[in-house]
Amino acid sequence: MKTKKSTLVLAALTAAFLAACRDEGPTDLPFEDLALEDQIALELLADPSTSETALELAGIQTSAAQRKGWGWGSNQNQRSQAQQRFREAEAALAQGDQVRAMKRAREGRQLVAQAIELAGGPQAIVGMVEHMEALPAMISADPDAYANPGKLGLQIGQVAERARQALQAGDRTQAGALGVLGEQAFRHNHRHQHQQQLG
């Protein structure tokens, strides 16, 4: 009887502990422990215009595809879903739920990448990666045009390397999503764009 009672008490304590863990939830993580992609994403989410930047990329690709007569398929559904994911990410961040914010932002970038590929085909993703690989050199050539040019160039270079690896592994959605992130960071840190937003 004593053994059975002890087992029941232990089970109750374990259940209570697990419930407490679920209630609190890992919504706020040490910034330095996050993956580079998530660190950049959290910084960008504080500025809602960066979400618009991501959505614009899909729109630009769609317009280019229409001008060239490409017919890969409609991407309106992906673009609408991406917009919703970014709104959810911004709301989660405002509520202090970093985990949900990072997840929703990641999903939004993936949907943008899918929209870009639908409009421009696989080569559009390759072009995104190649463009991102050229960004660190552009930053180095005109450092005064960017906020924190050293950090920005290093981060985009690392993201570009991961995008290339994803592309070589056949994961075009991940490669494209990283390309979106790199472009968001590049435009966000361009001083001229900051001045326009403040003006």
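About the thresholds
Every chain begins its residue count from 1, and numbering advances along the sequence as written. The predicted origin of the model limits local features to residues at a pLDDT of at least 70 and limits the giving and counting of side-chain atom pairs to 80 or more, whereas totals for whole chains, interfaces and linings rest on all residues. Side-chain measures here rest on the full set of heavy atoms in the structure, leaving out hydrogens and waters. We place a 1 Å grid over just the protein atoms. Points where a 1.4 Å probe fits but has no way out form a cavity, open points with protein on both sides within 12 Å along at least 5 of 7 lines form a pocket, and any residue with an atom within 4 Å of a point lines it. Grid points are joined across faces, edges and corners, and a volume is the space filled by probe spheres set on the points. Strands here are runs of E lasting at least two residues and helices are runs of H or I lasting at least four, both read from the DSSP assignment and numbered beginning at the N terminus. Contact between two residues is taken to exist if any of their heavy atoms lie within 4.5 Å; hydrogens are not considered. Lines fitted to C-alpha atoms define the axes here, with helix axes fitted over just the stretch in contact, and angles between the N-to-C directions of these axes take values from 0 to 180 degrees. In these notes the angle categories are as follows: under 35 degrees is roughly parallel, over 145 is roughly antiparallel, 65 to 115 is roughly perpendicular, and the rest is oblique. Take the far helix as the reference: if the near one is turned anticlockwise from it by less than a right angle, the crossing is left-handed, and if turned clockwise, right-handed. Three categories are distinguished: nonpolar for Ala, Val, Leu, Ile, Met, Phe, Trp, Tyr, Cys and Pro, charged for Asp, Glu, Lys and Arg, and polar for the others, with Gly belonging to the last. Classification of ring pairs uses Phe, Tyr and Trp, with its six-membered ring standing for Trp, and accepts pairs whose centres are within 6.5 Å; under 30 degrees between planes counts as stacked, over 60 as edge-to-face, and the remaining range as tilted. Burial classification: accessible surface area is computed with a 1.4 Å probe over protein chains only, and a residue below 20% of its type maximum counts as buried, one above 50% as exposed, and the rest as partly exposed. Distance and chemistry together define a polar contact, namely a pair of N or O atoms within 3.5 Å, with one atom able to donate a hydrogen and the other to accept it when in protein, and with adjacent residues in sequence counting only for side-chain atoms on both sides. Residue types Ala, Val, Leu, Ile, Met, Phe, Trp, Tyr and Cys, when buried and joined through side-chain atoms within 4.5 Å, form a set referred to as a nonpolar core. Per-residue confidence from the predictor is given as pLDDT, running between 0 and 100.

S.K.: Which residues make up empty space enclosed by the protein, and what values go with them?
M.R.: As enumerated under the stated definition, the model contains one cavity of 30 Å³ or more in all. Volume-wise, the largest cavity comes out at about 50 Å³. Taken together, Ala41, Leu44, Leu45, Thr50, Ser51, Phe86, Ala105, Arg109 and Gln184 make up the full set of residues lining the largest cavity. Secondary-structure elements contributing two or more residues to the lining of the largest cavity are α2 (36-45), α3 (49-68) and α5 (98-120). Per-element accounting of the lining of the largest cavity gives the leading share, three residues, to α2.

S.K.: Lay out the environment of His190 in plain terms, naming residues and giving numbers.
M.R.: As for its placement among the helices and strands, His190 is situated in the loop between α8 (172-188) and α9 (191-198). A C-alpha to C-alpha distance of 9.6 Å links His190 and Asn148, two positions 42 residues apart in sequence. The residues contacting His190, other than those within four sequence positions of it, are Ala145 and Tyr146.

S.K.: Can you lay out the packing of α2 against helix α7 (residues 149-168) for me, pointing to particular residues and giving the numbers?
M.R.: As a packed pair, α2 and α7 sit with axes 11 Å apart at the nearest point and diverge in direction by 130°. Judged by the inter-axis angle, α2 sits oblique to α7. As α2 runs across α7, the sense of the crossing is left-handed. Counted together, Leu36, Glu37, Ile40 and Glu43 of α2 and Lys151, Gln155, Gln158, Val159 and Arg162 of α7 form the full contact between these two elements. Looking at the contact of α2 with α7 residue by residue, the class counts come to three nonpolar, two polar and four charged.

S.K.: Go over the packing of aromatic side chains with me, naming the residues and quoting the values.
M.R.: Applying the stated criterion to the full structure yields one aromatic pair. Taking the centre distance of 5.3 Å and the plane angle of 40° together, the rings of Tyr146 and Phe186 count as tilted. In this pair, Tyr146 sits in the loop between α6 (122-141) and α7 while Phe186 sits in helix α8, placing the two residues 40 residues apart along the sequence. Of the two residues examined, Tyr146 and Phe186, each falls in the buried class.

S.K.: Account for the side chain of Asn189, with residues named and values stated.
M.R.: Among the secondary structure elements, Asn189 is positioned in the loop between α8 and α9. Engagement of the side chain of Asn189 in a polar contact is seen with the backbone oxygen of Ala185, the distance being 2.8 Å.

S.K.: Help me get a handle on the nonpolar core, residues and values and all.
M.R.: Formed by 37 residues in total, the largest nonpolar core has its most connected members in Ile40, Val112, Ile116, Met132, Ile156 and Val180. Taken together, the elements giving at least two residues each to this core come down to α2, α3, α4 (76-94), α5, α6, α7 and α8. Top contributing element to this core by residue count: α6, with eight residues. The contact partners of Ile40, leaving out residues within four places of it in the chain, are Gln155, Val159, Leu181 and Ala185.

S.K.: Residue-level account of the confidence of the model for the protein, with values.
M.R.: Confidence along the protein averages 82 in pLDDT terms, with 75% of residues attaining 70 or more. Mean pLDDT per element in the protein: helix α1 (residues 2-24) is the minimum at 42, and α7 is the maximum at 97. Low pLDDT, under 50, characterises residues 2-26; the stretch is placed with one contact to residues that sit more than four places away or in other chains. Taken together, the stretch residues 195-199 has pLDDT below 50 and engages in two contacts with residues farther than four places along the chain or on a different chain.

S.K.: Could you give an account of the packing of α7 against α8, naming the residues involved and the relevant values?
M.R.: Packing of α7 against α8 leaves a shortest axis separation of 8 Å and a crossing angle of 165°. Taken together, α7 and α8 sit at an angle that is classed as roughly antiparallel. Note that α7 runs across α8; the crossing there is left-handed. Residue-level contacts link Leu152, Ile156, Val159, Arg162, Ala163, Ala166 and Leu167 of α7 to Arg172, Gln174, Ala175, Leu178, Gly182, Ala185 and Phe186 of α8. A per-class count over the contact of α7 with α8 returns ten nonpolar, two polar and two charged.

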